[in-house]
Amino acid sequence: MTEPAEVETTGRFLVLLQEDAVEEGLAELGAIAGFNPNTGDIGSDTLQVFPELGVAVVSGDPNLLGQLNGAAEGPGAVQIVEPERVVHVFAAPVADEPEAAADESVLTWGLQAVGADVSTATGKGVKIAVLDTGWETNHPDFAGRTITTKSFITGEDVQDGHGHGTHCIGTSAGPRKPATLPGYGVAYEAEIFAGKVLSNAGSGSDGGILAGIDWAVANGCAIISMSLGADVPAGTPYSQIYETVAQRAMAKGTLIIAAAGNASSRPARIAPVGHPARCPSIIAVAAIDVNRAIASFSSGSADKIGQIDVCAPGVDVYSSFKLPQKYSRLRGTSMATPHVAGVAVLIAERTGARGFELWARLAGTALRLPLPSTDIGTGLVQAP
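Just so it is clear, the model here is predicted, and its values are computed rather than measured. (Residues numbered from 1 in each chain as written. Predicted model: local features only at pLDDT ≥ 70, side-chain atom pairs only at ≥ 80, totals over all residues. Heavy atoms only, no water.)

## Some points on the overall build of the chain
Moving on, step 1. If you tally the helices and strands in the chain, you get 9 helices and 15 strands.
Moving on, step 2. Out of the 384 residues belonging to the chain, those deemed buried represent 61%.
Moving on, step 3. Of the roughly 14,000 Å² of accessible surface on the chain, a fraction of 51% belongs to carbon and sulfur atoms. (Helix = DSSP H or I, 4+ residues; strand = E, 2+ residues; numbered from the N terminus. Buried < 20%, exposed > 50% of the residue type's maximum accessible area, 1.4 Å probe, protein only. Areas by Shrake-Rupley, 256 points an atom, 1.4 Å probe, with all protein chains shown as cover.)

Here you go:
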């Protein structure tokens, strides 16, 4: 597998504002970009503002970048400027990992592997946001569940025309006793927030993801699960804006968990952790198979920048899917991530931990496996 090309960008810019000077930062942006943020342009195509995070997305003249960077280098409220990236669902290539040989007559092998089958925690009272391709609003297994939804994709409602988001929601918070077994949800009584930040074609941008994070933080979600991103060449710096966003979210009690990526072709090549999971303050998740071996596609700590934090089941994972198919078995660090997010919900319910304390408990109770920490971090997450 060849190295990915430079990360694809949209032509817009992400701007980090000083946390206690967001209004001043917007005024500064307005002066540079030639619009007045007080005239109702906020939320328009020119300027999007995410107040919980202190971040704006700006579009305009290509020469704008130099002016914005000039502002960031000064003492003003504009701190960091980055190009906005294009992001996708992390789809795993077809390979030869074993299919589940475990007994899945009652619960999936993934739920058994993380100890959800023996935990008495349910996730009740804890909010989880899954930012992905949306949600199959008519799925019969979720009848009666309260699910808060919002689309951040222009021209598309939250209905999941792809299936990836519905699958991730199912693993993190789906039912244990659906009409047709096996049960497949880790935190089956959690309060679900489904944010559509990727289109029905499976792609989106940083702006949509940041909008979803802002929404989740504003709604008091304890965990954000993101099975998405962009593969990057080794040595690519992590996003300083996403890192600051993750720190600000954690300080408000919201922990972000993201897929590491599926760009490896092991054993020949181990690809580096992708964007945004490579940020130090975002939990990066690797995938293992039913034999507790690292998945051939799972990206790893291949450079000194992006580090794997934990691992979870990510091969032959059964969960909910868009209708009429209803269920599907998928593979990828995308499937491992909602396992981790669901376990984090259970720990949050059981202990009351939030933010960095929740991260410490999640990583500290993981099961050590006979695999390198560069592949699986502290190990296989375990339900309390």
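Having seen the model, we can carry on.
## Some remarks on the packing of helix H5 (residues 206-218) against helix H6 (residues 240-251)
A pair of packed helices is captured by two measures, namely the crossing angle of their axes and the spacing between those axes.
Moving on, step 1. Where H5 meets H6, the axes come as close as 11 Å, and the angle between the chain directions of the two elements is 10°. Considered as vectors, H5 and H6 are oriented roughly parallel to each other. Counted together, Asp206, Ile209, Leu210, Ile213 and Val217 of H5 and Tyr242, Val245 and Ala249 of H6 form the full contact between these two elements.
Moving on, step 2. Looking at the contact of H5 with H6, its residues break down into 7 nonpolar, no polar and 1 charged. (Axes fitted to C-alpha atoms, helices over the stretch in contact; angles between N-to-C directions. Parallel < 35°, antiparallel > 145°, perpendicular 65-115°, else oblique. Contact = heavy atoms within 4.5 Å. Nonpolar A, V, L, I, M, F, W, Y, C, P; charged D, E, K, R; others polar.)

## Points about the pairing of strand S12 (residues 283-288)
Moving on, step 1. Taken across its 6 residues, S12 has 6 buried, putting it largely inside the fold.
Moving on, step 2. Burial along S12 is two-sided: the residues Ile283, Val285 and Ala287 and Ala284, Ala286 and Ile288 are all buried.
Moving on, step 3. Where strand S11 (residues 255-259) and S12 come together, 3 bridges link them in parallel fashion. Along S12, the bridge assignment pairs Ala258 with Ala284.
Moving on, step 4. Here 4 bridges tie S12 to strand S13 (residues 310-313), and the two strands are oriented parallel to one another. Residue pairing in the sheet places Ala286 in a bridge with Cys311 of S13. (Pairing = 2+ DSSP bridges.)

## What about the pairing of strand S14 (residues 317-320)?
Each regular strand displays side chains that alternate between the two surfaces of the sheet.
Moving on, step 1. With 4 bridges joining them, S14 and strand S15 (residues 327-330) adopt antiparallel strand pairing. Across the sheet, the residue bridging to Ser319 is Ser328, located in S15.
Moving on, step 2. In textbook terms, the turn of a hairpin is the stretch between consecutive antiparallel strands, and for S14 and S15 this stretch comprises 6 residues, one of which, Lys326, has a positive phi near 80°.

## Quick notes on the environment of Asp157
Moving on, step 1. Along the chain, Asp157 falls in the loop between strand S6 (147-151) and helix H4 (164-173).
Moving on, step 2. Along the backbone, Asp157 and Ser199 are 42 residues apart, and their C-alpha atoms lie at a distance of 9.4 Å.
Moving on, step 3. Apart from residues no more than four positions distant in its own chain, Asp157 is found in contact with Ser151 and Lys196.
Moving on, step 4. Looking at Asp157, its side chain comes within polar contact range of the main-chain nitrogen of Gln159, at 3.1 Å. (Polar contact = N/O pair within 3.5 Å; in protein donor to acceptor, adjacent residues only side chain to side chain.)

## Concerning the sheet that holds strand S5 (residues 127-132)
Moving on, step 1. Spatially, the 7 strands line up as an open sheet ordered S6-S7-S5-S9-S11-S12-S13, and their pairing is parallel. The outermost strands of the open sheet, each flanked by one partner alone, are S6 and S13. Here the average twist between neighbouring strands, direction ignored, is 25°.
Moving on, step 2. Here 4 bridges tie S5 to strand S9 (residues 223-226), and the two strands are oriented parallel to one another. Paired with Leu131 across the strands is Met226, a residue of S9.
Moving on, step 3. In this fold H5 packs onto S5, S6, strand S7 (191-196), S9 and S11, with an angle of close to 170° to the strand it touches most, S5.

## Quick look at the nonpolar core
Moving on, step 1. One finds Leu210, Ile213, Ile223, Met226, Ile257 and Leu362 to be the most contacted residues of the largest nonpolar core, which totals 105 residues.
Moving on, step 2. For this core, the element with the highest residue contribution is helix H7 (residues 333-351), accounting for 10 residues.
Moving on, step 3. Those residues within four positions of Met226 in sequence are excluded, and the remaining contacts are Leu131, Ile209, Ile213, Ile256, Ile257, Ala258, Ala259, Pro276 and Thr337.
Moving on, step 4. Counting 12 residues, the second-largest nonpolar core is a separate cluster that includes Leu17, Leu47, Val49 and Val58. (Core = buried A, V, L, I, M, F, W, Y, C linked by side-chain atoms within 4.5 Å.)

## Looking at the pattern of salt bridges
A side chain with one charge may pair with a side chain of the opposite charge, provided their charged atoms come close.
Moving on, step 1. Tallied over the full model, the rule gives 11 salt bridges.
Moving on, step 2. Between Glu156 and Lys196 there is a salt bridge; the shortest N-O distance is 3.4 Å. Of this pair, Glu156 sits in the loop between S6 and H4 while Lys196 sits in strand S7, and the two are 40 residues apart along the sequence.
Moving on, step 3. Classification of Lys196 by relative accessible area gives buried; the value is 0%.
Moving on, step 4. Arg361 is paired through a salt bridge with Glu357; the nearest N and O atoms lie 3.0 Å apart. With Arg361 and Glu357 both in helix H8 (residues 355-364) and 4 residues apart, the pair spans about one turn of that helix.
Moving on, step 5. The exposure class of Glu357 is partly exposed, given its relative accessible area of 40%. (Salt bridge = Lys/Arg side-chain N within 4 Å of Asp/Glu carboxyl O.)

## What to know about the environment of Asn262
Moving on, step 1. Relative to the helices and strands, Asn262 resides in the loop between S11 and S12.
Moving on, step 2. On the basis of relative accessibility, which here comes to 4%, the residue Asn262 falls in the buried class.
Moving on, step 3. The spacing of Asn262 and Val273 is 11 residues in sequence and 8.8 Å in space, taken between C-alpha atoms.
Moving on, step 4. Beyond its immediate sequence surroundings of up to four residues, Asn262 is in contact with Phe90, Ala91, Ala92, Pro93, Asp231, Phe297, Ser299, Gly332 and Thr333.
Moving on, step 5. Separated by 2.9 Å, the side chain of Asn262 and the backbone oxygen of Phe90 make a polar contact.

Just distances and angles here, no functional claims.
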